[in-house]
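# An overview of the molecular structure
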Amino acid sequence: MFPNSILGRPPFTPNHQQQQNFFALSPTLYSHQQLIDAQFNFQNADLSRAVTLQQLTYGNVSPIQTSTSPLFRGRKRLSDEKNLPLDGKRQRFHSPHQEPTIVNHIVPLSGERRYSMPPLFHTHYVPDIVRCVPPFREIPFLEPREITLPEAKDKLSQQILELFEACQQQVSDLKKKELCRTQLQREIQLLFPQSRLFLVGSSLNGFGTRSSDGDLCLVIKEEPVNQKTEARHILTLVHKHFCTRLSGYIERPQLIRAKVPIVKFRDKVSCVEFDLNVNNIVGIRNTFLLRAYAYLENRVRPLVLVIKKWASHHEINDASRGTLSSYSLVLMVLHYLQTLPEPILPSIQKIYPESFSPAIQLHLVHQAPCNVPPYLSKNESSLGDLLLGFLKYYATEFDWNSQMISVREAKAVPRPDGIEWRNKYICVEEPFDGTNTARAVHEKQKFDMIKDQFLKSWHRLKNKRDLNSILPLRAAILKR
């Protein structure tokens, strides 16, 4: 992934070492001193290039010996070095203070990336916390569960299934993101050795599409982090590391200083756009809650996908522009399926409180969806009927002024009196921390646009029973 990074090459560990747990995390507290250590690590990261203490070979090249000449070498190469193959010459370390070693199996370094290490940095500085990095727990890679898709007996339901099968995230897409996450975690652990990097959001919750961005959560400690100070400082170091060490493999890294700061970047290898945040622990928990819902009933995922595509087409699916986030939309769909006269979904937080408790340690949260068996509903509505019912529910039935959407309670509940809920046009309860996931909708104009789109789309779809009347199917499939 990053052949010329400070980790060297090959970046992919042998097969027997690849079963890493990307959910394991031992609780740890990073002090101010450790943040200073991380900054020191960043400044000296290039000096930690991978070297082994044993004799290894690079291809047919003999072990590369470091010179025992005086500190000042001059530009002329020693005569005994002239016989080395070019690849061997390009891998030399110029430090005269090391025992004979060989560079690990890495791509020969370009001339501008060779370093002469003065005595001060002969041994790379390693803070104490590096020596107590907890081992990864062996947990297998989570692949999507296979479930039988619902039957489509009418045209509208067939169109929804066609869209779903063409656009749903493939296992290969997920593996690309997981591979990038694995390699980035290794890089970031050079700055924060006990940190863990989690893949979260639609990539892992079962509601992803082929064009879904990757969301990453860097966990420094299992405690709240001040997003205005700590998180920004940590992301500044990560952003700097990406810009200087990985610029050939990470494209357009941007530090966004929002309420919850993120680093946005594009991985050139997988061509996936990523957003990286710090210590958004609730995002990890709700990823696996949504994953449980996604595979609880076979109509959930196709319905969510078509609604996300519809909302995106009508420009009401962008929290950065004052409309609904994808997370809020998913919660709105789940809420609708919970509140039908014959519910299609229950509240799994009520049925399995021990599996979805906020107190569960992070390295155990991935197990929760495995404890939830499929839900057998007596509701036999088609996908087309459910899409139409979803639009009607929010266009004519839901009381936006006095009600809050609660998936945790499996019903609409009265709005709280707290300051966070006052003067808000849409209230969607976050199932774990109780915040408003739709707080981005803070302008009446945007709220009216959202309501208007629900109403117009409901009327069109009711009259034509054709998905193309509210979402051009061919264009949506091409966009994936």
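For the structure, see preceding data.
Conventions we followed
Residues numbered from 1 in each chain as written. Predicted model: local features only at pLDDT ≥ 70, side-chain atom pairs only at ≥ 80, totals over all residues. Heavy atoms only, no water. Helix = DSSP H or I, 4+ residues; strand = E, 2+ residues; numbered from the N terminus. Expected span 1.5 Å × (residues − 1). Buried < 20%, exposed > 50% of the residue type's maximum accessible area, 1.4 Å probe, protein only. Contact = heavy atoms within 4.5 Å. Polar contact = N/O pair within 3.5 Å; in protein donor to acceptor, adjacent residues only side chain to side chain. Phe/Tyr/Trp six-rings, centres within 6.5 Å; stacked < 30°, edge-to-face > 60°. Lys NZ or Arg CZ within 6 Å of the ring centre and 35° of its normal. Pairing = 2+ DSSP bridges. Salt bridge = Lys/Arg side-chain N within 4 Å of Asp/Glu carboxyl O. Axes fitted to C-alpha atoms, helices over the stretch in contact; angles between N-to-C directions. Parallel < 35°, antiparallel > 145°, perpendicular 65-115°, else oblique. Left-handed = near helix turned anticlockwise from the far one by under 90°. Nonpolar A, V, L, I, M, F, W, Y, C, P; charged D, E, K, R; others polar.

Before going further, it helps to examine helix α3 (residues 155-167). The terminal C-alpha atoms of α3 lie 18 Å apart, and with 13 residues this matches the ideal 18 Å at 1.5 Å per residue to within 8%. Burial in α3 covers these residues: Leu156, Ser157, Gln159, Ile160, Leu161, Leu163, Phe164 and Cys167. At its buried positions, α3 is contacted by α8 (300-313), α11 (383-397), α12 (444-464) and α13 (473-479). Capping the start of α3 is the job of one residue whose side-chain oxygen sits 3.3 Å from the backbone nitrogen of leucine 156: aspartate 154.

All chains considered together, the criterion is met by 15 aromatic pairs. An angle of 80 degrees between the planes, with centres 4.8 Å apart, marks the rings of tyrosine 393 and tyrosine 394 as edge-to-face. Like tyrosine 393, the residue tyrosine 394 is buried in the burial classification. When the ring of tyrosine 394 is compared with that of tryptophan 400, the centres are 5.6 Å apart and the planes differ by 35 degrees; the resulting orientation is tilted. Every member of this aromatic cluster is reached through a ring pair, and the members are Trp310, Tyr336, Phe390, Tyr393, Tyr394, Phe398, Trp400, Tyr425, Phe447 and Phe454. Over the ring of tryptophan 458 we find lysine 462, and its NZ or CZ is 4.3 Å from the ring centre.

What follows is about the side chain of serine 203. Relative to the assigned elements, serine 203 resides in helix α5 (residues 202-205). Engagement of the side chain of serine 203 in a polar contact is seen with the side chain of lysine 177, the distance being 3.0 Å. The contacts of serine 203, once residues within four sequence positions are left out, are Gln169, Leu174, Lys177, Asp213, Gly214 and Asp215.

Let us look at the pairing of strand β7 (residues 272-278). Burial runs high along β7: six of the seven residues are buried. In terms of strand pairing, strand β4 (residues 214-219) meets β7 through five bridges, oriented parallel. Bridged to aspartate 215 within β7 is aspartate 275. Judged from the five bridges that link them, strand β6 (residues 262-267) and β7 form a sheet pairing that is antiparallel. From the neighbouring strand, valine 263 faces β7, where its bridge partner is leucine 276. Here β6 hands over to β7 after four residues, with cysteine 271 in that stretch at a positive phi of 60 degrees.

Inspection of the entire model under this criterion finds 16 salt bridges. Across the salt bridge formed by glutamate 409 and lysine 350, the nearest N and O atoms sit 3.1 Å from each other. A residue pair is termed long-range when its members are at least 10 positions apart, and glutamate 409 in the loop between β8 (403-406) and β9 (411-414) and lysine 350 in helix α10 (residues 348-351) qualify at 59 residues. Close ionic contact of aspartate 448 with lysine 444 constitutes a salt bridge, the shortest N to O distance being 2.9 Å. Highlighted residues: aspartate 448 and lysine 444, both in helix α12, separated by four residues, approximately one helical turn. Taking the relative accessible area as the measure of exposure, lysine 444 reaches 47% and is therefore partly exposed. Put simply, Glu251, Arg252, Arg266 and Glu273 are held in one network by salt bridges that share partners.

Considering the arrangement of structural elements, one finds arginine 291 in helix α7 (residues 281-294). Note on arginine 291: relative accessible area 6%, which makes it buried. A distance of 2.9 Å separates a polar atom in the side chain of arginine 291 from the backbone oxygen of leucine 204.

Two measures define how a pair of helices packs: the angle their axes make with one another and the distance between the axes. Contact geometry for α7 and helix α9 (residues 326-338): axes closest at 12 Å, N-to-C directions at 40 degrees. Between α7 and α9, the interaxial angle falls into the category oblique. As α7 runs across α9, the sense of the crossing is left-handed. Only Tyr327, Val330, Leu331, Leu334 and Gln338 of α9 make contact with α7, whose side of the interface consists of Asn286, Leu290 and Tyr293. Taken together, the residues of the contact of α7 with α9 sort by class into six nonpolar, two polar and no charged.

Turning our eyes to something else, we now look at the pairing of β8. Here β8 runs beside β9; their pairing, made up of four bridges, is antiparallel. Residue methionine 404 lies in a different strand from β9, and its bridge partner there is valine 413. The turn linking β8 back onto β9 is made up of four residues, and alanine 410 within it adopts a positive phi angle of 60 degrees.

Further remarks concern the sheet that holds strand β5 (residues 250-256). Taken in spatial order, the five strands of this open sheet run β3-β4-β7-β6-β5, and their pairing is mixed. The outermost strands of the open sheet, each flanked by one partner alone, are β3 (196-200) and β5. Each neighbouring strand pair of the sheet contributes to a mean axis angle of 25 degrees, computed without reference to strand direction. Most of the contacts of helix α6 (residues 230-245) go to β5, to which it runs at about 160 degrees, and overall it touches β4, β5, β6 and β7. Sheet strands touched by α7: β3 and β4. Its angle to β3, the strand with the most contacts, is close to 45 degrees.

Two elements in contact, α8 and α9, have axes separated by 10 Å at closest approach and are oriented at 135 degrees. In this view, α8 runs oblique relative to α9, as classed from their interaxial angle. For the pair α8 and α9, the crossing hand works out as right-handed. Across the interface between the two elements, Val300, Leu303, Val304, Ile307, Lys308 and Ala311 from α8 touch Ser326, Leu329, Val330, Val333, Leu334 and Leu337 from α9.

Turning next to the environment of glycine 248. Relative to the elements of secondary structure, glycine 248 occurs in the loop between α6 and β5. For glycine 248 and lysine 268, which are 20 residues apart along the polypeptide, the C-alpha to C-alpha distance reads 8.2 Å.

So, on to unusual backbone geometry. Positive phi values are uncommon outside glycine, yet asparagine 279 reaches one of about 55 degrees. Note that asparagine 279 resides in the loop between β7 and α7. Take asparagine 279: its relative accessible area is 6%, and that puts it in the buried class. A positive phi angle, near 60 degrees, is found at asparagine 423, a position not held by glycine. Residue classification places asparagine 423 among the exposed positions, given a relative accessible area of 75%.

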